[in-house]
Structure formats: C-alpha cells, structure tokens
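# Topology and contacts: notes
Spelled out from the first residue to the last, the chains are:
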Amino acid sequence: MDAVKRYFRSPAAVIGLILLLLVIAMAVSAGWLYPRDPLALAGRPLLWPFTNPRFLLGTDNSGRDIAAQIFYGARISLLIGGVATIIAILIGILVGAFAGYYGGWVDNVLMRITEAFQTLPNFVLLLVLVAVFGSTLTTVTIAVGVVSWPAPARLTRAEFLSLRNREFVQAGKTLGMRDIQLILGEILPNALPPVIVYASVVMAVAILLESALAFLRLSDPNVASWGNLIGLGRDVLRVQWYVSAIPGIAILVTVLAVSLVGQGLNDALNPRLKSR
C-alpha cells in the first residue's frame, strides 16, 4: 500500500497512468466502435479530419478510415510492446541471474555473448533478423524482444552481484538450499524491482522499433499499425500531412505514457526514495 501511495503522489505518474489506460481503452473498444476491417476501403481518399462526420480523423491515400486504424493500431502497439518486453525481460533475467550468481567463467561467457549482441545497434540487428526470418507480426514481435534483452541482462547481473553474498543467501546455503532455489526463491524477488521499472523503457523502445520498421515498410503490411499508417502518409506528407501526424501523435502519447508510468514505478519501488 505504501508503494501505491508513493506512486499516486507523483502527478506525472498519474498522468502517465491515465494516458496508458486511455490507449488500452482504445485497443479494447476498437472492435465495438469499428466492427469492419480497418484496412477496408471506407470512403473517398484523403479526406481531411472533421470534414465528414463518418470519418472524424479523415481517410488515408486509399480511402481507409484513419480513426479505425488508430484504434486497431493501439492493439498492435500494445501487443508488440508487451510481448516483446516479456521476451526481453525473461531472457535478460535468465542470462543476468546466472552470470551474477555464479561469476567466474560463467559470467565471462555470458557477458561476452551480451557484448556481442550490443556490438550492433538494436535497429540494425532487427533489420537483419526481419530480412532473414520475414516480416510477419509474430516474427517482428519476437525479433524486437530478442534485440532488447542485453540491457535487462546487465541490470539483473548487477543486482545479483550485490545480493549474492547477503546474509539471507548465506543462510539459505547453510540450510542446504540448491542454487536454483536460491536464485529463483531468494535473490530474484529482491532483484526484480529495478528490472520491472526498466521494463517500461524496453516497452517504449519496442513500440518505437516496430513503428520504425513499419515506416520503412518492413513490418507486416496486413495489420493496421501506426507505423504502417505513418509510412503510407510519407507519400503525401507535403499536402496531407495529417495522415502521418495523427499516428505519430498516438505513438508519442503511448511512449510518453509508458515512460511516465515507469518513472512512477521507480519512485514507488526504489528503496532509496522511500524516506522522501
């Protein structure tokens, strides 16, 4: 309860939570508000927003309803961001936990692998994975998660290095607990708070990575995503700029919301801030 009170004590965190709940509400209500296929032709191409009551946010180059694509795009962004974050955090925790707990050659091998992944920028490695394995929604989601795990791994390793020699761990060893019991049952629960906070950063970056892929027309073209809509609007950017601007604002709001929620979680879970 104290953590909840500390979270709601921050106006920025509350605003971020409200914005995130708004995006989630858009994703949940998309099928109810727009029962038709969001990629189906709906009207005359390139209608400006608020000029036709049927299309509040206008239509794109092909005459598809932009509002419908925005609502369904919320589903895609949250799905990719959420699943990719889970993949990245799970891999990061697995690698970081074993590296930090065992140290020695295990730490050296796992950290060299981590550094190998960090040699190339995330987006370049993502382009390679998509080029090799395809650009379906499932492939893109997994690829975004795979390129995002090194930072959580390093954070988890640092937490394990600081916790592995604490009294409660030594007591567990004295009681005959196995290594896996100590890692999962004793150390990991104490190492999780900063990793959970960092998950918001991973999710925000994941949404941006997918949008960048879609902008380059390397993501799945058969789904209504914000990045696909921005890429489509690139062809008419000088005259019908709203086609790219509206999904761009949606991405900005979502990433901002996730970042503010993450900062709020940091304020609530960080033990160094409890006394403030």
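Residues numbered from 1 in each chain as written. Predicted model: local features only at pLDDT ≥ 70, side-chain atom pairs only at ≥ 80, totals over all residues. Heavy atoms only, no water.

## Concerning the UniProt feature "domain: ABC transmembrane type-1" (unreviewed entry) in the protein chain
Rule in force here: UniProt positions are given in the numbering used here, feature names are shortened, and annotations may be inferred rather than shown by experiment. Helix and strand assignments follow DSSP, with helices taken as H or I runs no shorter than four residues and strands as E runs no shorter than two, numbered in order from the N terminus.
Sequence positions flagged by UniProt for "domain: ABC transmembrane type-1" (unreviewed entry) are, in local numbering, residues 74–262. Between the C-alpha atoms that bound residues 74–262 the distance is 19 Å, and the span itself is 83% helix and 0% strand.

## Thoughts on helix α5 (residues 122–133)
Residues lying three or four places apart along an α-helix face the same way, a consequence of the helix completing one turn every 3.6 residues. The following threshold applies: By this rule, a helix spans an expected 1.5 Å times one less than how many residues it contains. For every residue, the accessible area obtained with a 1.4 Å probe (protein chains only) is divided by the maximum for its type, and the residue is called buried under 20%, exposed over 50%, and partly exposed between those limits. Arc definition: it is the arc formed by the directions from the helix axis to the C-beta atoms. The contact criterion used is simple: two residues touch if any of their non-hydrogen atoms lie within 4.5 Å.
The terminal C-alpha atoms of α5, which comprises 12 residues, lie 16 Å apart, in line with the 16 Å expected from a rise of 1.5 Å per residue. By the burial criterion, the buried members of α5 are L125, L126, L129 and V130. An end-on view of α5 places all buried positions within 135° of arc, on one side of the element. Looking at α5, the residues exposed on the side facing more than 90 degrees away from the buried face are A131 and V132. Where α5 is buried, its residues meet α4 (104–119), α6 (137–147) and α9 (179–215). Of the residues one or two after α5, G134 is the one with positive phi, at around 100°.

## Section: the packing of aromatic side chains
For clarity, the threshold we go by: Aromatic rings from Phe, Tyr and Trp, taking only the six-membered ring of Trp, are treated as a pair when their centres fall within 6.5 Å; an angle between ring planes under 30 degrees marks them as stacked, one over 60 as edge-to-face, and anything in between as tilted.
As enumerated under the stated definition, the model contains 7 aromatic pairs in all. A centroid spacing of 5.9 Å and a plane angle of 15° characterise the contact between F98 and Y102, whose relative ring orientation is stacked. On the criterion of helical spacing, the pair formed by F98 and Y102 is a turn pair, its members being 4 residues apart in helix α3 (residues 66–102). A residue is classified by how much of its surface remains accessible, and F98, at 27% relative accessible area, is partly exposed. Consider the rings of F117 and W149, whose centres lie 5.0 Å apart with planes at 65°: the pair is edge-to-face. Residue F117 is located in helix α4, and its partner W149 is located in the loop between α6 and α7 (150–163); the two are separated by 32 residues in the primary sequence.

## Looking at the nonpolar core
Basically, it comes down to this: Buried Ala, Val, Leu, Ile, Met, Phe, Trp, Tyr and Cys residues form a nonpolar core when they are joined through side-chain atoms within 4.5 Å.
L20, I66, I70, A74, L78, W226 and V243 are the most contacted members of the largest nonpolar core, which has 31 residues in total. At the level of elements, α2 (11–33), α3, α9, α10 (226–233) and α11 (242–269) are the ones that each hand at least two residues to this core. Among the elements that take part in this core, α11 stands out by supplying 10 residues, more than any other. If sequence neighbours within four positions are ignored, W226 has contacts with V23, Q69, I70, G73, A74, S77, P247, A250, I251 and T254. One finds A99, F160, L182 and V195 within the second-largest nonpolar core, a separate group that totals 21 residues.

## Observations concerning the UniProt feature "transmembrane region" (unreviewed entry) in the protein chain
The positions that UniProt labels "transmembrane region" (unreviewed entry) are, in the present scheme, residues 12–34, 78–102, 123–147, 195–218 and 239–261. From the first C-alpha to the last, residues 123–147 spans 8 Å; its make-up is 88% helix and 0% strand. In this annotation, residues 239–261 is assigned 87% helix and 0% strand; the end-to-end C-alpha distance for the span is 36 Å.

## A few points about a nonpolar patch on the surface
We count it as follows: Patch members must show over 30% relative accessible area and no salt bridge, and they are joined within 9 Å when carrying like charges or within 5 Å when they are nonpolar side chains of Val, Leu, Ile, Met, Phe, Trp or Tyr. All accessible-area figures derive from a Shrake-Rupley calculation using a 1.4 Å probe, and residue coverage is judged against the displayed protein chains alone. For salt bridges, the criterion is a side-chain nitrogen of Lys or Arg within 4 Å of an Asp or Glu carboxyl oxygen.
Taken together, L120, V124, V128, V132 and F133 make up a surface patch of nonpolar side chains, about 460 Å² in accessible area. When you line up the elements, F133 lands in helix α5. For F133, a relative accessible area of 59% corresponds to the exposed category.

## What about the pattern of salt bridges?
Per the stated rule, a full pass over the model turns up 5 salt bridges. With a shortest N-O distance of 2.7 Å, D107 and R157 are connected by a salt bridge. Remark: R157 occurs in helix α7 and D107 occurs in helix α4; sequence separation between them is 50 residues. For D107, a relative accessible area of 9% puts it in the buried group. Relative accessible area serves as the criterion here: at 21%, R157 is assigned to the partly exposed category. In this structure, D235 engages R217 in a salt bridge whose closest nitrogen and oxygen atoms are separated by 3.0 Å. One end of the pair, D235, is in the loop between α10 and α11; the other, R217, is in the loop between α9 and α10, and 18 residues separate them in sequence. Overall, D235 belongs to the exposed group, its relative accessible area being 54%. By relative accessible area, which is 48% here, R217 ends up partly exposed.

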